[in-house]
Amino acid sequence: MPEQPRIFPVDAVRRQFPALDQAGRFVFFDNAAGAQIPATVLEAVTDHLRMRNVQRGGPYRQSREVDAMIGRARDSVAAFVNARGGDEIAFGLNATSFIRAISLAVGQTLASRREIIVSELDHEANVATWLALERAGARIVWWRARTGADGARLEPADLDSLLTERTRLVACTMATNATGTIVDVADVARRAHAVGAEVFLDAVHYAPHRPIDVKAIDCDYLVCSGYKVFAPHMGFAWCRREAINRLPTFREAFIPDVTPDKLEAGTYAYENVAGMEAAVARRPSPQVWRRATWASAADTCIHRG
């Protein structure tokens, strides 16, 4: 007997999202805004605001609970991207703000490596932030897309004519927001590292659909948005600790100059971090993750009541 096709339990998934229950015939079709959040995430955000809406780093119980929650969230997101540890995960406003913070730091360390490679298929956030470094003496090198019957794509082999001993960093996407093209970023990293350059990846549009493994990719920096993977509006950055600890990032004088603290200037929305922890703490296997995120993310964006 042939195996019967599995039917995805879309009705059961829909019931996990309060926004869909009350939406009536409203259609959530603003895909750039990300997915709606499930009840478990909403409960985590509400619980934080109700029980421990205080600053971290204090000696009292509620503040210690915030510290513990952030620690759990770092560990959960570290597992989500297969990092070496939670200390490589920083939280903040969004992916764009992390790209800007890191690019400003990179701009202070150009020395003889003044070339930054950017692609014409990347989101503006991962282009304009690097173009701004021209004022600091950077030279921008464009990685052009190949076009054909299958659309536009970035071919890592084309980097061979662009990479030199002057290349400081290659900035590229893992999956383009415009066409959905997936880039072989492990190949990008291999080629860039061969000339001593670093690799900065935008995983915002990739994360909802496929698992991330920073060890396998062997990149140096990666940013993502939690609201693409069922968390509230927030962002996180993974940075190879040896790479980020060399950069002169902006921070208050009392903040340690090591990851992750050095990337977390000021107070961010701890309640959204609690939501992020709830969204990824019980991540299923990669196969189930791909299937579930694709189906339920689509359902949270398209709902006709």
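Residues numbered from 1 in each chain as written. Predicted model: local features only at pLDDT ≥ 70, side-chain atom pairs only at ≥ 80, totals over all residues. Heavy atoms only, no water.

(A) Just the overall build of the chain, in detail. Broken down by element type, the chain carries 11 helices and nine strands. The C-alpha radius of gyration computed for the chain amounts to 20 Å, which stays within 12% of the reference 19 Å derived for 305 residues, consistent with globular compactness. Projecting the C-alpha coordinates of the chain onto the three principal axes gives extents of approximately 60 × 55 × 35 Å. Classification of the 305 residues of the chain by burial places 49% in the buried group. Here the analysis covers contacts within the chain between residues at least 6 apart in sequence; of these, 66% occur between residues at least 24 apart. Of the roughly 14,500 Å² that the chain leaves accessible, carbon and sulfur atoms contribute 54%. When the 37 basic and 36 acidic side-chain charges of the chain are each reduced to a single mean position, those positions are 1 Å apart. (Helix = DSSP H or I, 4+ residues; strand = E, 2+ residues; numbered from the N terminus. Rg over C-alpha atoms; globule rule 2.2 N^0.38 Å. Buried < 20%, exposed > 50% of the residue type's maximum accessible area, 1.4 Å probe, protein only. Contact = heavy atoms within 4.5 Å. Areas by Shrake-Rupley, 256 points an atom, 1.4 Å probe, with all protein chains shown as cover. Lys, Arg positive; Asp, Glu negative; His and termini not counted. Charge placed at Lys NZ, Arg CZ, Asp CG, Glu CD.)

(B) The arrangement of the packing of helix H4 (residues 61–81) against helix H10 (residues 270–280) in detail. The geometry of H4 relative to H10 is characterised by a closest axis approach of 9 Å and an angle of 45 degrees between their N-to-C directions. The orientation of H4 with respect to H10, classified from their angle, is oblique. Between H4 and H10 the crossing geometry is left-handed. When H4 is examined against H10, the residues Val66, Met69, Ile70, Arg72, Ala73, Ser76, Val77 and Phe80 are found in contact with a partner set consisting of Tyr270, Val273, Ala274, Met276, Glu277 and Val280. (Axes fitted to C-alpha atoms, helices over the stretch in contact; angles between N-to-C directions. Parallel < 35°, antiparallel > 145°, perpendicular 65-115°, else oblique. Left-handed = near helix turned anticlockwise from the far one by under 90°.)

(C) Inspection of the confidence of the model for the chain at higher detail. Averaged over every residue, the pLDDT of the chain is 90; the share at 70 or more is 91%. This model gives residues 284–305 a pLDDT under 50, and the stretch forms 55 contacts once residues within four places in sequence are excluded. (pLDDT = per-residue confidence, 0-100.)

(D) Structural detail: the packing of aromatic side chains. In the structure shown here, the tally under the stated rule is six aromatic pairs. Both rings, one in phenylalanine 26 and one in phenylalanine 28, keep their centres 5.1 Å apart while their planes meet at 80 degrees; by these two values the pair is edge-to-face. Judged by its relative accessible area of 16%, phenylalanine 28 is buried. Relative to phenylalanine 236, the ring of phenylalanine 80 has its centre 6.4 Å away and its plane inclined at 80 degrees; by these criteria the two rings are edge-to-face. One end of the pair, phenylalanine 80, is in helix H4; the other, phenylalanine 236, is in strand S9 (residues 235–239), with 156 residues separating them in the sequence. Here phenylalanine 80 and phenylalanine 236 have matching classes, each one buried. (Phe/Tyr/Trp six-rings, centres within 6.5 Å; stacked < 30°, edge-to-face > 60°.)

(E) Main features of the sheet that holds strand S7 (residues 198–202). Taken together, the seven strands give an open sheet; going across it, the order is S1-S9-S8-S7-S6-S2-S3, and neighbouring strands pair in mixed fashion. Each end of this open sheet is capped by a strand with a single partner; those strands are strand S1 (89–92) and strand S3 (139–143). With strand direction ignored, the average angle separating the axes of adjacent strands in the sheet is 20 degrees. Where helix H5 (residues 95–107) meets the sheet, it contacts S1, strand S2 (115–119), strand S6 (167–173), S7, strand S8 (221–225) and S9, and its direction lies at approximately 155 degrees from that of S8. Strands in contact with helix H7 (residues 185–194) are S3, S6 and S7; relative to S7, the strand with the most contacts, it is inclined by about 155 degrees. (Pairing = 2+ DSSP bridges.)

(F) Summary view of the pairing of S7. Across the five residues that make up S7, a large majority, five, are buried. Bridge analysis of S6 against S7 gives five bridges, and the strand direction is parallel. Residue pairing in the sheet places threonine 173 in a bridge with aspartate 202 of S7. One crossover worth recording links S6 to the parallel S7 by way of H7, and it is right-handed. Of the pairings in the sheet, the one linking S7 to S8 comprises three bridges and is parallel in character. What sits directly across from leucine 201, in S8, is leucine 222. (Right-handed = clockwise from strand over helix to strand, strands pointing away.)

(G) Inspection of H7 at higher detail. Looking at H7, one finds that the buried residues are Val185, Asp187, Val188, Ala189, Arg191 and Ala192. Where H7 is buried, its residues touch S3, S6, S7 and helix H8 (214–217). Two residues or fewer after H7 comes glycine 196, characterised by a positive phi angle close to 85 degrees.

(H) Structural context of the packing of helix H3 (residues 39–51) against H10. One way to put it is that H3 packs onto H10 with a least axis distance of 8 Å and a crossing angle of 145 degrees. In this structure, H3 meets H10 at a crossing whose hand is right-handed. From H3, Thr40, Val41, Ala44, Val45, His48 and Leu49 reach across to H10, where they touch Tyr270, Glu271, Ala274, Gly275, Ala278 and Ala279. Each residue belonging to the contact of H3 with H10 can be placed in one class, and the counts come to eight nonpolar, three polar and one charged. (Nonpolar A, V, L, I, M, F, W, Y, C, P; charged D, E, K, R; others polar.)

(I) Spotlight on the side chain of glutamate 264. On the secondary structure map, glutamate 264 appears in the loop between helix H9 (241–244) and H10. A distance of 2.8 Å separates polar atoms of two side chains, one belonging to glutamate 264 and the other to arginine 74. If we skip the residues at most four places from it in the chain, glutamate 264 touches Arg56, Arg74, Ile89, Ala90 and Phe91. (Polar contact = N/O pair within 3.5 Å; in protein donor to acceptor, adjacent residues only side chain to side chain.)

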